[in-house]
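# Per-entry structural report
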Amino acid sequence: MPYSLAEKQIEQLSNWIATYIAEQRAAFQGKAASIEGKHHRALQAFFPADVLNNVRVVRGRAPEPPFYPQLRALGIRNALPFSDMAGITFQDVTVHVEPFTLPLLFHELVHAVQYKHLGLQGFADAYVRGFLTGGSYEEIPLEKQAYELEGKFSANSAATFSVEDDVRDRIRAKRF
Ligand SMILES: [Zn+2]
């Protein structure tokens, strides 16, 4: 079920999310390392070199966003359980709770490409609006793309495709 919030509230939410992403990126960046060689090689036919080279990964757990009580006050009761998610990407820093699998890394790197093309604020804005319009995490178009491409990769990793082209196409078609 969609949430209908006033435009001012939506902008406020986007700004909170963007601030949270920037803070978590800064907190984890120093502890994170480059993508390991075998993963880099397995993914190079799907992702642009700058993303594979720039993204840093670290095992850890992100804290619940500080504005969650305010979300509940707005009637939003199914906000994402950030601290329990298998992986989460803060722009170019991926934090993962469980040991990495290639499909999980693939999913997170799709988000890194989305950030590259939308920018931090644009990503936060599309994420919030997608959540409010669809009414749940599963309906966020940025997540749908990540799950869809991750699934395509898992089904047949020999059939290569460009994640970046797919992101560009969806931006052009205003699908986010
Ligand atoms: Zn995701």
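Our subject is the structure listed above.
Here the structure is a predicted model, which is why all the values come from computation and not from measurement. (Residues numbered from 1 in each chain as written. Predicted model: local features only at pLDDT ≥ 70, side-chain atom pairs only at ≥ 80, totals over all residues.)

Turning our eyes to something else, we now look at the sheet that holds strand E2 (residues 56-59). On the basis of which strands lie adjacent, the open sheet formed by 4 strands has the order E1-E2-E4-E3 and mixed pairing. In this open sheet, the two edge strands, each paired with only one partner strand, are strand E1 (33-34) and strand E3 (87-90). Sheet analysis places E3 next to strand E4 (residues 93-96), joined by 4 bridges and oriented antiparallel. Along E4, the bridge assignment pairs Ile88 with Val95. (Pairing = 2+ DSSP bridges. Helix = DSSP H or I, 4+ residues; strand = E, 2+ residues; numbered from the N terminus.)

What follows concerns the packing of helix H1 (residues 7-29) against helix H5 (residues 102-134). Close contact between H1 and H5 brings their axes to 8 Å; oriented N to C, the two are set at 125°. It follows from the interaxial angle that H1 and H5 lie oblique. Crossing angle aside, the handedness with which H1 passes H5 is right-handed. Contacts between H1 and H5 involve Ile10, Leu13, Ser14, Ile17, Ala18, Ile21 and Ala22 from the first element and Leu120, Gln121, Ala124, Asp125, Tyr127, Val128, Arg129 and Leu132 from the second. (Axes fitted to C-alpha atoms, helices over the stretch in contact; angles between N-to-C directions. Parallel < 35°, antiparallel > 145°, perpendicular 65-115°, else oblique. Left-handed = near helix turned anticlockwise from the far one by under 90°. Contact = placed C-beta atoms within 7 Å.)

Under the 1.5 Å per step criterion, the end-to-end length of H1 is 33 Å for 23 residues, consistent within 8% with the ideal 33 Å. Taken together, the buried positions of H1 are Leu13, Ile17, Ala18, Ile21 and Gln24. Packing partners of the buried residues in H1 comprise E3 and H5. (Expected span 1.5 Å × (residues − 1). Buried ≥ 20, exposed ≤ 12 C-beta atoms within 10 Å, placed from the backbone.)

So, on to the pairing of E2. Note: E1 against E2, 2 bridges, orientation antiparallel. Looking at the pairing, Ala33 lines up with Val57 of E2. Alignment of E2 against E4, held across 4 bridges, turns out to be parallel. Opposite Val57, over in E4, you have Thr94 as the bridge partner.

Moving on to the environment of Glu98. Looking at where Glu98 falls in the secondary structure, it is placed in the loop between E4 and H5. The class of Glu98 is exposed, set by 10 C-beta atoms lying within 10 Å. On a C-alpha basis, the gap between Glu98 and Gly87 in space is 7.6 Å, while along the polypeptide they are 11 residues apart.

The next thing to look at is the nonpolar core. Ranked by size, the top nonpolar core spans 36 residues in total, and within it Leu109, Val113 and Tyr127 carry the most contacts. Contributing elements (two or more residues each) for this core: H1, E3, E4, H5, helix H6 (141-155) and helix H7 (163-172). Per-element accounting of this core gives the leading share, 12 residues, to H5. When near neighbours in sequence (up to four residues on either side) are disregarded, Leu109 contacts Leu43, Phe47, Val51 and Val55. (Core = buried A, V, L, I, M, F, W, Y, C linked by C-beta atoms within 7 Å.)

This paragraph deals with unusual backbone geometry. For Gln91, which is not glycine, the phi torsion reads 65° and is therefore positive. Positionally, Gln91 belongs in the loop between E3 and E4. A tally of 20 C-beta atoms within 10 Å means that Gln91 is categorised as buried. The phi dihedral of Lys174 is positive, around 55°, even though this residue is not glycine.

The next subject is the environment of Ser157. With respect to the helices and strands, Ser157 occurs in the loop between H6 and H7. Exposure remark for Ser157: the 15 C-beta atoms within 10 Å place this residue in the partly exposed category. As a C-alpha pair, Ser157 and Pro81 span 76 residues in sequence and 30 Å in three-dimensional space.

Don't take any of this as a statement about function, it's just geometry.
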